[in-house]
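# Coordinate inspection notes
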Amino acid sequence: MGRLAIYALFWLFSMAVSVRFMHMFQLSSYLFPGYWRWMKSEGAGFNLNYIPFLPRGKAKKPLKFTSRVWRLLVTQALLLAGIAVGTWFIGGKLQIFLLIFSFFCTNILIPLANLLLWPVQKIINNWYIRDAQKRLRPDLTVIGVTGSYGKTSVKTYIGQLLSVKYNILVTPESYNTPMGVVRTIREKLEPSHSVFVCEMGARHVGDIQEVCKIVRPRHGVLTAIGPQHLETFKSVENVAKTKFELIEALPPDGTAFLCWGSEHIREKGSGRPAVRYAVSDDASLDVRAENLTANARGLSFDVITKSGEREGFTCGLLGRHNIENVTAAIAVALHMGVPLRELVPAVRGLKPAKHRLELLPKGGGLTVIDDSYNANPAGTAAALDALGLFPGTKIIITPGMVELGEIEETENRVFGGRIALVCDYAALVGEKQSEPILAGMLDAGFDKEKVKVFGSFNDAYQWAVSIQAEEKTILIENDLPDNYR
């Protein structure tokens, strides 16, 4: 084989493997820390699964060939060409060694290409941000929603309740990053919209502030503060600081809605007048829920305002914790001028956010509870409480929780103990990831013959469905993307 052919094969194979690494980089939100965590856990670069042209299982979330991905791939191709040119003039065995070494280091070139393109990407992002800000009319009421958990559900419920009176735009799915919010505004905001409900997510201090600078919220809802994304936040104090960036960004005549059922929110306070809501019998709260009933068919509860107005509500949502989420939405709707009584039918018709305790009856005695976008200690405990209300055989499919930093192993072991108290069978996904869950289950006396560990979600689901039972409920608790194993 000629020398030129060897170099062509090097370039071709390197670019093929680059696409696979690019997929993981995209799933890591184009951020190096998450990509580095994946590389360490997978042995990326020396793992046979990433040799080009070998078959792999179907990706849960395929690579999207966006403009940014194409720019990164072109830059990657130029870097590889530069390596080839650099080694062309080196003779003997050293030349071959450098080519082989460069091939196995292809994964490092992805973040390098991203770093080189950072100034260009910054210019492009700023253009999109300015364009989105021009579309935000002065008469548009922006409501920001954030929290360690519950924010997607609260955002969804606010949108459904306010639609009784207003034409609403809600950020779809998990479009809660700065550029996700910008994309929502540029693609979906219409002149007829009078309220924009904007979910705000964060992994680092300052992330919420960045979104607030773009959308300039008038009102803000803080749902909860807890141990979420501790891998990047490092401490709950940093989580609290970041979430309160929303409250600090509100104008003097804006309104903060604070979940007084969250210990960290109560401790920090707001430093400004706020609408306080909770599931509580505390008559000093502005909006509170009492007389709770939860079963497999849904929820019922009373809502009482500080002025003494009371109304009974029912809805088909699962999970006692959802009463607090609905109460948040009711508090916002009341503030926006929707009478409490008019909210009764709207609450009755509430639909869950996708993949958040979403009830999916399958027929033949099988019910699936899709809670696959949930990954925090409070949420997993609430999901198990909801599963416990269902009759018949109870099965869980889960890879456990991630991004909890130093407490991740401990929390997953506690999670395993809770599973043992509620479930009859368990399908754990990911041998390494599920080790502490399995340990917690066995410590709690769970029958080891009724728990299995699988390499993929699909295999776990097929096993769960095959379990013979007249009536069974499968809880899908978190479903990690391909950059977690």
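A few points on the structure.

Applying the stated criterion across every chain yields a total of 13 salt bridges. The salt bridge involving Lys155 is made with Glu199; its shortest N-O contact spans 2.9 Å. Here the residue Lys155 occupies a position in helix α6 (residues 151-162), and Glu199 occupies one in strand β3 (residues 195-199), the gap between them amounting to 44 residues. For the pair Lys155 and Glu199, one class covers both residues: buried. The partner of Asp253 in a salt bridge is Arg218, and the shortest N-O contact between them spans 3.1 Å. Taken together, the positions of Asp253 in the loop between α11 (245-249) and β5 (255-259) and Arg218 in the loop between α8 (207-215) and β4 (219-222) put the pair 35 residues apart, joining distant regions of the chain. Take Asp253: its relative accessible area is 46%, and that puts it in the partly exposed class.

What follows concerns the side chain of Thr255. Within the element layout of this structure, Thr255 appears in strand β5. Not counting residues within four places of it along the chain, the set of residues in contact with Thr255 comprises Arg218, His219, Gly220, Leu250, Arg272, Val275 and His335.

The next thing to look at is the sheet that holds strand β9 (residues 310-315). Working definition: the strands of a sheet are paired by backbone hydrogen bonds and lie parallel or antiparallel to each other. If you walk across this open sheet you meet the nine strands as β2-β3-β1-β4-β5-β6-β7-β8-β9, and the pairing is mixed. Whereas interior strands pair on both sides, the edge strands pair on one side only; in this sheet they are β2 (168-170) and β9. Within the sheet, the average angular offset between the axes of one strand and its neighbour, ignoring direction, is 15 degrees. Of the strand pairs in this sheet, strand β6 (residues 274-279) and strand β7 (residues 287-295) are connected by three bridges, and their pairing is parallel. Bridge pairing in β7 places Ala278 opposite Arg288.

Right, let's get into the environment of Glu411. Looking at the element boundaries, Glu411 is found in helix α16 (residues 408-422). When the C-alpha positions of Glu411 and Met401 are compared, they lie 7.9 Å apart, and in sequence the two are ten residues distant. Other than its neighbours up to four places away in sequence, Glu411 contacts Pro377, Met401 and Leu404.

What follows concerns unusual backbone geometry. Of note, Lys234 is a non-glycine position whose phi angle comes to about 75 degrees, a positive value. Inspection of the secondary structure assignment puts Lys234 in the loop between α9 (230-233) and α10 (236-243). Located in the positive-phi region is Asn291, a residue other than glycine, with phi close to 55 degrees. Of note, Asn291 is situated in strand β7.

Our focus in this paragraph is the packing of helix α15 (residues 377-387) against α16. Two elements in contact, α15 and α16, have axes whose closest approach is 10 Å; the angle formed by their N-to-C orientations is 5 degrees. When the axis of α15 is compared with that of α16, the two are roughly parallel. In this structure, α15 uses Pro377, Thr380, Ala381, Leu384 and Leu387 to contact α16, whose residues at the interface are Glu411, Phe415, Arg418, Ile419 and Val422. Across the contact of α15 with α16, the residue classes break down as seven nonpolar, one polar and two charged.

Moving on, we get to the sheet that holds strand β11 (residues 366-371). The strand order across the open sheet formed by six strands is β10-β11-β15-β12-β13-β14, and the pairing between neighbours is mixed. Both edges of this open sheet fall to β10 (358-363) and β14 (451-454), since each of them pairs with a single strand only. The mean inter-strand angle of the sheet, taken between neighbouring strand axes irrespective of direction, is 15 degrees. Each of β12 (393-398), β13 (425-429) and β15 (472-477) is contacted by α16, which is oriented at about 160 degrees to β12, the strand it contacts most. Of the strands in this sheet, β13 and β14 are in contact with helix α17 (residues 435-443), which crosses β13 at around 160 degrees.

Only one face of β9 is covered, namely the face carrying Glu311, Phe313 and Cys315; the face carrying Arg310, Gly312 and Thr314 is uncovered. Summarising the sheet, strand β8 (residues 298-305) and β9 pair through six bridges and their orientation is antiparallel. Looking at the pairing, Asp302 lines up with Gly312 of β9. As consecutive antiparallel partners, β8 and β9 are separated by four residues, and within that stretch Gly308 has a phi angle of approximately 100 degrees, a positive value.

What follows is about the packing of aromatic side chains. The full count for this structure, using the stated rule, is eight aromatic pairs. With a centroid separation of 5.9 Å and 20 degrees between ring planes, the pair formed by Phe301 and Phe313 is classed as stacked. Of this pair, Phe301 sits in strand β8 while Phe313 sits in strand β9, placing them twelve residues apart in sequence. Judged on exposure class, the residue Phe301 and its partner Phe313 are both buried. Ring geometry for Tyr425 against Trp463: centres 6.2 Å apart, planes inclined by 75 degrees, an arrangement best described as edge-to-face.

Moving on, we come to helix α18 (residues 457-466). Every buried residue of α18 is accounted for by Phe457, Ala460, Tyr461, Trp463 and Ala464. Buried residues of α18, seen end-on, are gathered within an arc of 165 degrees and therefore sit on one face of the element. Within α18, the exposed residues directed more than 90 degrees away from the buried face are Asn458 and Gln462. Looking at the buried side of α18, the elements it contacts are β10, β11, β12, β13, β14 and β15.

By size, the foremost hydrophobic cluster in this structure holds 76 residues, and its most contacted members are Leu162, Phe196, Val215, Phe301 and Ile330. If one sorts the elements of this core by residue count, helix α13 (residues 322-335) sits on top with eight residues. The contact partners of Leu162, leaving out residues within four places of it in the chain, are Ile143, Ile168, Val195, Val332, Ala333, Met336 and Val338. Counting 23 residues, the second largest nonpolar core, distinct from the first, contains Tyr35, Leu72, Leu80 and Leu117.

A few words now on α17. For α17, the set of buried residues is Pro436, Ile437, Gly440 and Met441. The buried residues of α17 occupy an angular sector of 140 degrees when the element is viewed end-on, so they sit on one face. Pointing more than 90 degrees away from the buried face of α17 are the exposed residues Glu435 and Asp443. Immediately downstream of α17, the backbone of Gly445 shows phi near 90 degrees, a positive value.

Thresholds applied
Per chain, residue numbering runs from 1 following the sequence as it is written. With the structure being a predicted model, the display of local features is reserved for residues of pLDDT at least 70 and the display and counting of side-chain atom pairs for 80 or more, all residues being used for whole-chain, interface and lining totals. Values reported for side chains reflect all heavy atoms of the structure, with hydrogen atoms and water molecules removed beforehand. Criterion for a salt bridge: a side-chain nitrogen of Lys or Arg within 4 Å of a carboxyl oxygen of Asp or Glu. Strands are runs of DSSP state E lasting at least 2 residues, helices are runs of H or I lasting at least 4, and numbering of each runs from the N terminus. Think of it in three bands: with a 1.4 Å probe and only protein chains considered, a residue is buried below 20% of the maximum accessible area for its type, exposed above 50%, and partly exposed in between. Note on definitions: a residue-residue contact is assigned when non-hydrogen atoms from the two residues lie within 4.5 Å. Two strands make a pair as long as DSSP finds a minimum of two bridges between them. Here an axis means a line fitted to C-alpha atoms, over the contact stretch when the element is a helix, while the angle between two N-to-C directions is reported on a 0 to 180 degree scale. For this classification, under 35 degrees means roughly parallel, over 145 means roughly antiparallel, 65 to 115 means roughly perpendicular, and everything else is oblique. When residues are grouped by polarity, Ala, Val, Leu, Ile, Met, Phe, Trp, Tyr, Cys and Pro land in nonpolar, Asp, Glu, Lys and Arg in charged, and all others, Gly among them, in polar. Here a Phe, Tyr or Trp ring, Trp counted by its six-membered ring, pairs with any other such ring whose centre lies within 6.5 Å, and the pair is stacked when the planes are under 30 degrees apart, edge-to-face when over 60, and tilted otherwise. The arc in question is traced by the directions running from the helix axis to the C-beta atoms. Residues belong to a common nonpolar core when they are buried Ala, Val, Leu, Ile, Met, Phe, Trp, Tyr or Cys residues joined through side-chain atoms within 4.5 Å.

Don't take any of this as a statement about function, it's just geometry.
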